[in-house]
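# Topology and contacts: notes
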Amino acid sequence: MARSALLLLLLLSACRRRSEPAEQKTAVAAGKLSEASLATRDGRKRRYYVYRPKGYSASTPPPVVLVLHGGGGNALGAQTSTFTHAAADRHGYFPVYPEGVSKPVLGKPMATWNGGYCCGLAKQENVNDVAFLSELLDRLATQHPYDRARVH
């Protein structure tokens, strides 16, 4: 049973649409995303991307949806393979794409989050991702006011 579940997971992973780096950078260059970084209290420089929905108004701040990429992924990849900006425009929310910490594996960056029991560099270095996301939300509140009661 465990082997068949693992095989199914591998097959589904292989079928998932992978974004090409050029396609990812195009979204930033076209102004669809704002790229920024945040120096966290633990001394790390952490990157994130924000999409500001059409019709945004600070007088009626929208909710925020934090989109966390999977282990070994990155923020731009999450942006191109999960949410569409059309949905954010239609439903009026801020998608925010933070990035885990990474180190190169076989020449490619492998970003991870510290899940407490797993995985990669984030776990090895005991990265406080909760503090990072909290600091990120505080910064967003000053730069792009949002409804702090609706963070998803």
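Cut-offs applied
Residues numbered from 1 in each chain as written. Predicted model: local features only at pLDDT ≥ 70, side-chain atom pairs only at ≥ 80, totals over all residues. Heavy atoms only, no water. Pairing = 2+ DSSP bridges. Helix = DSSP H or I, 4+ residues; strand = E, 2+ residues; numbered from the N terminus. Axes fitted to C-alpha atoms, helices over the stretch in contact; angles between N-to-C directions. Salt bridge = Lys/Arg side-chain N within 4 Å of Asp/Glu carboxyl O. Buried < 20%, exposed > 50% of the residue type's maximum accessible area, 1.4 Å probe, protein only.

### Considerations on the pairing of strand E2 (residues 45-50)
On any regular strand, side chains alternate: one points to one face of the sheet, the next to the other face. Note that strand E1 (residues 34-39) and E2 share 6 bridges and pair antiparallel. Bridging from a neighbouring strand, Ala 36 pairs with Tyr 48 of E2. Between E1 and E2, which pair antiparallel in sequence order, lie 5 residues; one of them, Gly 43, sits at a positive phi of approximately 85 degrees. One ladder, built from 3 bridges, connects E2 with strand E4 (residues 94-98); its direction is antiparallel. Among the inter-strand pairings, Tyr 49 is bridged to a residue of E4, identified as Tyr 97.

### Observations regarding the sheet that holds strand E3 (residues 64-66)
Strand order across the open sheet formed by 4 strands is E1-E2-E4-E3, with mixed pairing between neighbours. Unpaired on one side and paired on the other, E1 and E3 mark the two borders of the sheet. The mean angle between the axes of side-by-side strands here comes to 30 degrees, regardless of whether they run parallel or antiparallel.

### Considerations on the pattern of salt bridges
Following the criterion strictly, the structure yields 8 salt bridges and no others. Here Glu 135 ties to Arg 41 by a salt bridge, and the two come within 3.6 Å at their closest N and O atoms. In this pair, Glu 135 is assigned in helix H6 (residues 129-143) and Arg 41 in the loop between E1 and E2, connecting sequence segments 94 residues apart. On the basis of relative accessible area, Glu 135 is assigned to the buried category, the value being 11%.

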